[in-house]
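The residues making up each chain are set out below.
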Amino acid sequence: MFETGKSVEIVEVSARDGIQNESEILSVDTKLDLIRKASDAGARRLEVTSFVNPKRVPQMADADELAARLPKGTARYIGLALNARGFERAVAAGLDEANFVVVASDTFNRRNQGVGTEETLAAWAEIAQTAKGRIGTGLTIGAAFGCPFEGEVPLARLLTIVERAMAHPPDELALADTIGVATPADVMERVGAVRRAFPEVPIRLHLHNTRNTGLANAWAGIMAGAVTLDASLGGVGGCPFAPRATGNIPTEDLVYMLERAGICTGLDLDACIDAAGWLEEQLGHELPGMVMKAGGFPASGAA
Ligand code: ZN
């Protein structure tokens, strides 16, 4: 099914998607500690903040300060943007990459970014051209597997939006199961269909474990050709604009599954577990990750 020695890249999103729904605002220092711990555990790409209206997402009000204080090193930092203004803020903040979002359903796009899908696609066309040579670009198709307001998102609708967006290709295309409704069969079908249509663009998957299909979907995605997966330490997460959305797939659970299967992630499992435990203490409530509770196998240090 896969070649030994295969590797998969994990983007650590706890500092952005992970904590954006937490009611308690974390200090910039605490967020920087989180980013440092994830980097020390081996994360080489991290989505660290979003450049959005602080009134709508108060947890991200410190985006500019956080960006200015990011540790310099080997990691690449990604900022999320929902419109041209946010995108320019990501460029000005000196981030390595900006991740722009278009939502596959019109209602959710309006809730998430205040305008319809058409307008956001038009914004992307402009942004993609102004971004060249200034910043790396990712484009995420939100609610690519289903919408909390409109229900099913037909595959044909998704492919139409991908096709429109790919008129101005990003460096990376992400499919997001924003509300955690996908099953492995959906992931195989949709990742496969997008790859067949646009084989040259690397596919990233953004999965939520809302209905406990997250890790199965991650596996299906890799088998279907996705090369990058988003995850958050401890499985922390939610979405302020998606009712009842829960966390991303837990980084350490994903690392455990992949490394045991001989797929290299570049992350150290024990360091991830430690970082997830630390994050749980900072937030003051239990996180959903399971390997952080059970530990790896075989136990570290065992012969
Ligand atoms: Zn998300």
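Just above sits the structure.
Residues numbered from 1 in each chain as written. Predicted model: local features only at pLDDT ≥ 70, side-chain atom pairs only at ≥ 80, totals over all residues. Heavy atoms only, no water.

Comments concerning the nonpolar core
Core analysis: the biggest nonpolar cluster contains 93 residues, and I141, L175 and L205 have the highest contact counts within it. Of the residues forming this core, the biggest block, eight residues, is contributed by helix α11 (residues 269-283). (Core = buried A, V, L, I, M, F, W, Y, C linked by side-chain atoms within 4.5 Å. Buried < 20%, exposed > 50% of the residue type's maximum accessible area, 1.4 Å probe, protein only. Helix = DSSP H or I, 4+ residues; strand = E, 2+ residues; numbered from the N terminus.)

Details of the pairing of strand β1 (residues 9-12)
Here β1 pairs with strand β8 (residues 228-231) via four bridges, running parallel. The residue bridging E9 from the neighbouring strand is T228, located in β8. Sheet topology places β1 next to strand β2 (residues 45-51); two bridges connect them, and they run parallel. Directly across from E12, in β2, lies its bridge partner L46. (Pairing = 2+ DSSP bridges.)

Observations concerning the sheet that holds strand β4 (residues 97-103)
Spatial ordering of the closed barrel is given by β1-β2-β3-β4-β5-β6-β7-β8, a layout of eight strands whose pairing is parallel. The sheet shows a mean angle of 30° between the axes of neighbouring strands, taken without regard to direction. Inspection of the sheet shows β4 paired to strand β5 (residues 136-142) by seven bridges, in the parallel sense. Bridge pairing in β5 links A98 to T137. Relative to β4, helix α6 (residues 117-131) is tilted by about 160°, and along the sheet it contacts β4 and β5. (Axes fitted to C-alpha atoms, helices over the stretch in contact; angles between N-to-C directions. Contact = heavy atoms within 4.5 Å.)

Some points on the state of the cysteines
On inspection of all chains with the given rule, the structure shows zero disulfides. Not engaged in a disulfide, the cysteine C264 finds its nearest cysteine sulfur in C272; these two sulfurs lie 12 Å apart. Classification of C264 by relative accessible area gives partly exposed; the value is 40%. (Disulfide = S-S within 2.5 Å.)

A word on the coordination of the zinc ion
Taken together, the protein ligands of the zinc ion are D17 (OD), H206 (NE2) and H208 (NE2), with distances of 1.9 to 2.1 Å. Sequence spacing of the donor residues for the zinc ion, all on one chain, is D-x188-H-x1-H. (Donors = N, O, S within 2.8 Å, 3.2 Å for Na, K, Ca; no water.)

Things to note about the packing of aromatic side chains
Considering all chains together, one arrives at two aromatic pairs under this definition. Ring geometry for F100 against W124: centres 5.9 Å apart, planes inclined by 25°, an arrangement best described as stacked. Taken as a pair, F100 in strand β4 and W124 in helix α6 lie far apart in primary sequence, 24 residues in all. Taken as a pair, F100 and W124 share a single burial class, namely buried. (Phe/Tyr/Trp six-rings, centres within 6.5 Å; stacked < 30°, edge-to-face > 60°.)

Things to note about the environment of E189
Along the chain, E189 falls in helix α8 (residues 184-197). Residues E189 and L139, spaced 50 residues apart in sequence, show a C-alpha to C-alpha distance of 20 Å.

Overview of the pattern of salt bridges
Applying the stated criterion across every chain, the model contains 18 salt bridges. Here E286 makes a salt bridge to K293, at a shortest N to O gap of 3.6 Å. Among the residues examined, E286 registers a relative accessible area of 58% and is labelled exposed. We classify K293 as partly exposed; its relative accessible area is 45%. (Salt bridge = Lys/Arg side-chain N within 4 Å of Asp/Glu carboxyl O.)

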